[in-house]
Amino acid sequence: MALLVWQDDLNIGIEVIDQQHRRIVEMLNHLHVAQASLQRLAVAEVIDEVVDYTMSHFAFEEELMEEAGYAFCAAHKRVHEVFIKRVAEYRLRFHAGEDISDELRTMLSRWLFNHIRGDDRAYADQVKQHLSQFAREHQGGTWLGRTLKRVFG
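All values derive from a computational prediction rather than experimental measurement. (Residues numbered from 1 in each chain as written. Predicted model: local features only at pLDDT ≥ 70, side-chain atom pairs only at ≥ 80, totals over all residues. Heavy atoms only, no water.)

## Some remarks on the overall build of the chain
Working step 1: In terms of helices and strands, the chain carries five helices and zero strands.
Working step 2: The linear arrangement of helices and strands in the chain, starting from the amino end, is α-α-α-α-α.
Working step 3: Classification of the 153 residues of the chain by burial places 37% in the buried group.
Working step 4: Restricting to contacts in the chain with at least 6 residues of sequence separation, those with at least 24 account for 73%.
Working step 5: Put simply, the chain shows about 9200 Å² of open surface, and 57% of that area lies on carbon and sulfur atoms. (Helix = DSSP H or I, 4+ residues; strand = E, 2+ residues; numbered from the N terminus. Buried < 20%, exposed > 50% of the residue type's maximum accessible area, 1.4 Å probe, protein only. Contact = heavy atoms within 4.5 Å. Areas by Shrake-Rupley, 256 points an atom, 1.4 Å probe, with all protein chains shown as cover.)

## Structural notes on the nonpolar core
Working step 1: Among the nonpolar cores identified, the biggest contains 40 residues, and I47, L104, M107, L108, L112 and Y123 are the most heavily contacted of them.
Working step 2: Those elements that place two or more of their residues in this core are helix 1 (15-36), helix 2 (40-68), helix 3 (73-95) and helix 4 (101-137).
Working step 3: Among the elements that take part in this core, helix 2 stands out by supplying eleven residues, more than any other.
Working step 4: Apart from the residues lying within four places of it in its own chain, the contact partners of M107 are F83, R86, V87 and Y90. (Core = buried A, V, L, I, M, F, W, Y, C linked by side-chain atoms within 4.5 Å.)

## Here we look at the environment of Q20
Working step 1: You can see Q20 is positioned in helix 1.
Working step 2: Taking the C-alpha atoms as reference points, Q20 and Y53, 33 residues apart in sequence, are found 8.8 Å from one another.
Working step 3: If we ignore the near neighbours within four places in the chain, the residues touching Q20 are Y53, H57 and F60.

Spatial relationships are all this shows, so hold off on functional conclusions.
Next comes the structure, spelled out in structure tokens:
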């Protein structure tokens, strides 16, 4: 399997989420490089990094959806939970000595691209609207920023 290439149709229009998704793709490419170097410790480190980063990304994404009042937030969370269980099984198999790198990387890349194009794109408009409204309501910035501007010009 070749290195993954980010495609523009994977952008959902929420820059912070798009950056996180790109970072996950980079990690999957690191997994490919680590696997090709035949260094089991490097593969283990990348697998752990991918899992940890993906879990924090999911938490961030879920928080955005909840804040925006996305109607299918619970279902989206459930998809994340199932995915995390699946990846945890791969991690266990790896630590048991099984060579799962190709299988894991293939599954992760397919799942990620399909998830972004489907599930993530579904919430994007509502979250963007929420973020725009929040920005309009807080145009003056934070209390401290507004106060400093008022006092110091």
